[in-house]
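Each chain, written out:
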Amino acid sequence: MAAQVQVPFPTYDDDVYEEDSASTSRDAREEHATPRFSYLLTSVLGSPFLTTSELPEDADTAYAPSIPMDAMDVDGYTDNGTDMEAVDGAFATVPRALTVTRPPSPTPSFRTDAFSIVNWNPELYNLILPPGADGTPRCSMGFLPVGRRTVSGYPQWAQHSTPSPSPIKASRSLTIGMGILPRIWDALREGTPEGELIDDEACFIDVRAITGMDILSHLPLELALDLLSNLDLPSILACLRVSRTWNHLARDNSIWRILFSHREKDGWRVDLRRANHRNSTSKYGALPSHPLASLPAPLEIKWYELYRTRTELDRRWSNYPGAGISADLSDGATAEKEAPKAWEPKVMRISGHGDSVYCLEFDSSRIVTGSRDRTIKVWSLKTGRCLATFSGHRGSVLCLKFDRDWDIADDVADADAMTADDVLAPRKGFMVSGSSDCSVCVWDLYAHPKAGAESEITAEVKAILRGHSGGVLDLRIDAHWIVSCSKDALIRVWNRKTLELHCTLRGHEGPVNAVGLQGNRVVSASGDGKMILWDVGSGERLRTFEGHERGLACIEFKEDLIVSGSNDCKIKVWDANTGTCLRTLVGHDYLVRALAFDPRSGRLVSGSYDKTVKVWDLHTGKLVREFRGCHVSHIFDVKFDQCRIVSTSHDRKIVVLDFSEGLDTSLFV
């Protein structure tokens, strides 16, 4: 019997396995020694199994000296007839008691651009060789997790002779020649018996997870937030799902403030002045509620909640695929369950006028209406309660305009300058109204604050502007001018501060039903079917717009867009600079009596004698929503903001369609 040579192996678990009691006859064993178990293989990336049998003939793969199995003593086990297990591709057998079962193999990888398939560690390799053995590298020695049918329970590296010098420098990676790669790949692809990867357990290559550094988490907070501030909404939403750290960073208030500001071009705006008039328990944060408190700093607002609220508000306005465009909001309407419906606004109907309601304006807290009953009424936007009634005209009130939210301090300086006596002092506002009595009344409005209740509203006539010889059909105001138009086919421009007549614009051949004001330009719409653009400073006509087939009833002028409604049942969108008709909106069945639009959000709302209110996409010209049953007669006026639509009619009703039910929208403008 050959002299016993104890071969050290790397230890995995010394106490896992018990000695196998089964034994076989020594005579039944092979008479010739088989090549001893080849060395385990490993690499950073590569095939999960790579056997010595896979190496090409020209490779330097001389096997280690053959060790008779009857001479091998591994951790106290001797060959005394033990049941042996052949190791595929290694020309060796081991006692069955020394085998373990390995879990399913990981997915192989052949990326060799950055890593070698086989890692060579000459120091560990030389430790296992007997004295004088050839130190030529075969495959690198592996210290691997427990695998199936691999030898385990090996002794510690204690009693060994000094390893012989290695012809290869330490820490050097040995990459198998490219000639072996096609053969390994063929084995994977074709499943040849020789290269079968499922049962070939002679060699195991560790596939380790490749992980990178989370750079964002290691940056200072300011730098990390600055990086995230350059991302768009989808990217920020993706960051919320990466990890807890990324979620915390992506939820930072400053990130969502920037995201909100990116939507300003779409009409997303807030008025921080209103924060002083809100409940301190608002979902947007603990904000000052006392009138003397300074305006909140921008980051005191919870912008994440604000963004979510505004997104939900826009969704309610929109019609989603498959939902019905038209909605019947009449009192006797029954719900239709056949098809899904878009979100329906809450309807509030206000009564109080004794005759047709011709005109309206509203702000964040009040609605002001004018009627054929010759009165002007102020209503609470939230409750619909009548707050005040004014009388000053001897005829029907056909039009009116007032300064929105006049009782809110204009800026921080005004708010900080208030004293305790100023808190309950009346806030002065400005309003003008036109009537069929051919006059324009200028009003001083006063809001008298009350603790815990809505302000009381009073008004008095400051002046009466006379000059028209027919009923005053429409009005516009800004910081400098008061513009009025009349049945007498004239447009008159008044100085707001001095209330003196600035100029009279002549050119129409019929009653001027509507006017628009933008800076120093005025546009007028007449029953003669024409629109004219004027320069207020010089009084000259700049351009004439023609395109409607019948007389015009209403007009809106904002930025460089003009939108007109006509008795031909059409709505047209014009470029004020070129006079070009950009698009025509068709959908109403009768005269388009009133309209309003927001150039930023692209939302346009129209009211018609067909008793419907329609919402359009200004940019595409498509109908978005239609509301039927709001009124039972002709609609005379319609206005909207980001939360609601308000309309008036010949039926004496004021109807409010509220899209903000359940949402805190008090900061939106």
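A. Region of the structure containing the overall build of the chain. When helices and strands are tallied, the chain shows ten helices and 31 strands. Among the 669 residues that make up the chain, the fraction classed as buried is 49%. Within the chain, counting contacts between residues at least 6 apart in sequence, those at least 24 apart form 58% of the total. Counting only carbon and sulfur atoms, one obtains 50% of the accessible surface of the chain, whose full area is about 31600 Å².

B. Inspection of the packing of aromatic side chains at higher detail. Going through the model one piece at a time under the given rule, you end up with 15 aromatic pairs. When the centroid spacing of 4.1 Å and the interplanar angle of 20° are considered together, the rings of Trp317 and Phe659 count as stacked. Within this pair, whereas Trp317 is found in helix 8 (residues 303-317), its partner Phe659 is found in the segment after strand 31 (654-658), the two being separated by 342 residues in sequence. No difference in accessibility class separates Trp317 from Phe659, as the two residues are buried.

C. Structural view of the packing of helix 7 (residues 253-262) against helix 8. The N-to-C vectors of helix 7 and helix 8 enclose an angle of 35°; their axes lie 8 Å apart at closest approach. Along its contact with helix 7, which presents Asn253, Trp256, Arg257, Leu259 and Phe260, the element helix 8 presents Trp303, Tyr304, Leu306, Tyr307 and Arg310. Considering only residue class, the contact of helix 7 with helix 8 consists of seven nonpolar, one polar and two charged.

D. Region of the structure containing the environment of Leu595. Along the chain, the position of Leu595 falls in strand 25 (residues 592-598). It is 4.2 Å that separates the C-alpha atoms of Leu595 and Ser606, two residues lying eleven residues apart in sequence.

E. Summary view of the pairing of strand 18 (residues 521-526). Across the six residues that make up strand 18, a large majority, six, are buried. Both faces of strand 18 are covered, namely the face carrying Arg521, Val523 and Ala525 and the face carrying Val522, Ser524 and Ser526. Here strand 17 (residues 512-518) runs beside strand 18; their pairing, made up of six bridges, is antiparallel. Bridge pairing in strand 18 places Val512 opposite Ser526. Counting the residues in the hairpin turn of strand 17 and strand 18 gives two residues, including Gly519, whose phi is positive at 65°. In this sheet, strand 19 (residues 530-535) lies alongside strand 18 in antiparallel orientation, the contact comprising five bridges. Residue pairing in the sheet places Ser524 in a bridge with Ile532 of strand 19. Counting the residues in the hairpin turn of strand 18 and strand 19 gives three residues, including Gly529, whose phi is positive at 85°.

F. A look at the sheet that holds strand 15 (residues 490-495). What the four strands build is an open sheet, ordered 13-14-15-16; its pairing is antiparallel. Among the strands making up the open sheet, the edge pair consists of strand 13 (472-477) and strand 16 (501-506). Looking at each pair of strands side by side, their axes are set apart by 20° on average, direction ignored. Here strand 14 (residues 481-486) pairs with strand 15 via five bridges, running antiparallel. When the sheet's bridge partners are listed, Ile482 is paired in strand 15 with Trp494.

G. Region of the structure containing the nonpolar core. Of all hydrophobic cores here, the largest spans 40 residues; its most connected members are Trp256, Trp317, Val605, Phe627 and Ile645. Here this core takes six residues from helix 8, the largest share from any one element. Not counting residues within four places of it along the chain, the set of residues in contact with Ile645 comprises Trp317, Val605, Val613, Val615, Phe627, Val638, Lys639, Phe640, Val655, Val656, Leu657 and Phe659. Counting 17 residues, the second largest nonpolar core, distinct from the first, contains Ile376, Leu400, Leu445 and Ala447.

H. Summary view of unusual backbone geometry. The backbone of Arg374 shows a phi angle near 70°, a positive value even though the residue is not glycine. Along the chain, Arg374 falls in the loop between strand 6 (366-371) and strand 7 (375-380). Arg374 sits in the partly exposed class, given a relative accessible area of 45%. Backbone geometry places Arg652, a non-glycine residue, at a positive phi of 75°. Mapping Arg652 onto the fold places it in the loop between strand 30 (644-649) and strand 31.

I. Quick look at the sheet that holds strand 21 (residues 552-558). Strands sit in the order 21-22-23-24 across an open sheet of four strands; the sheet is antiparallel. Bordering the open sheet on either side are strand 21 and strand 24 (581-586), each of which pairs with just one other strand. The sheet shows a mean angle of 15° between the axes of neighbouring strands, taken without regard to direction. Pairing between strand 23 (residues 570-575) and strand 24: five bridges, direction antiparallel. Residue Trp574 lies in a different strand from strand 24, and its bridge partner there is Cys581.

Criteria and thresholds
Residues numbered from 1 in each chain as written. Predicted model: local features only at pLDDT ≥ 70, side-chain atom pairs only at ≥ 80, totals over all residues. Heavy atoms only, no water. Helix = DSSP H or I, 4+ residues; strand = E, 2+ residues; numbered from the N terminus. Buried < 20%, exposed > 50% of the residue type's maximum accessible area, 1.4 Å probe, protein only. Contact = heavy atoms within 4.5 Å. Areas by Shrake-Rupley, 256 points an atom, 1.4 Å probe, with all protein chains shown as cover. Phe/Tyr/Trp six-rings, centres within 6.5 Å; stacked < 30°, edge-to-face > 60°. Axes fitted to C-alpha atoms, helices over the stretch in contact; angles between N-to-C directions. Nonpolar A, V, L, I, M, F, W, Y, C, P; charged D, E, K, R; others polar. Pairing = 2+ DSSP bridges. Core = buried A, V, L, I, M, F, W, Y, C linked by side-chain atoms within 4.5 Å.

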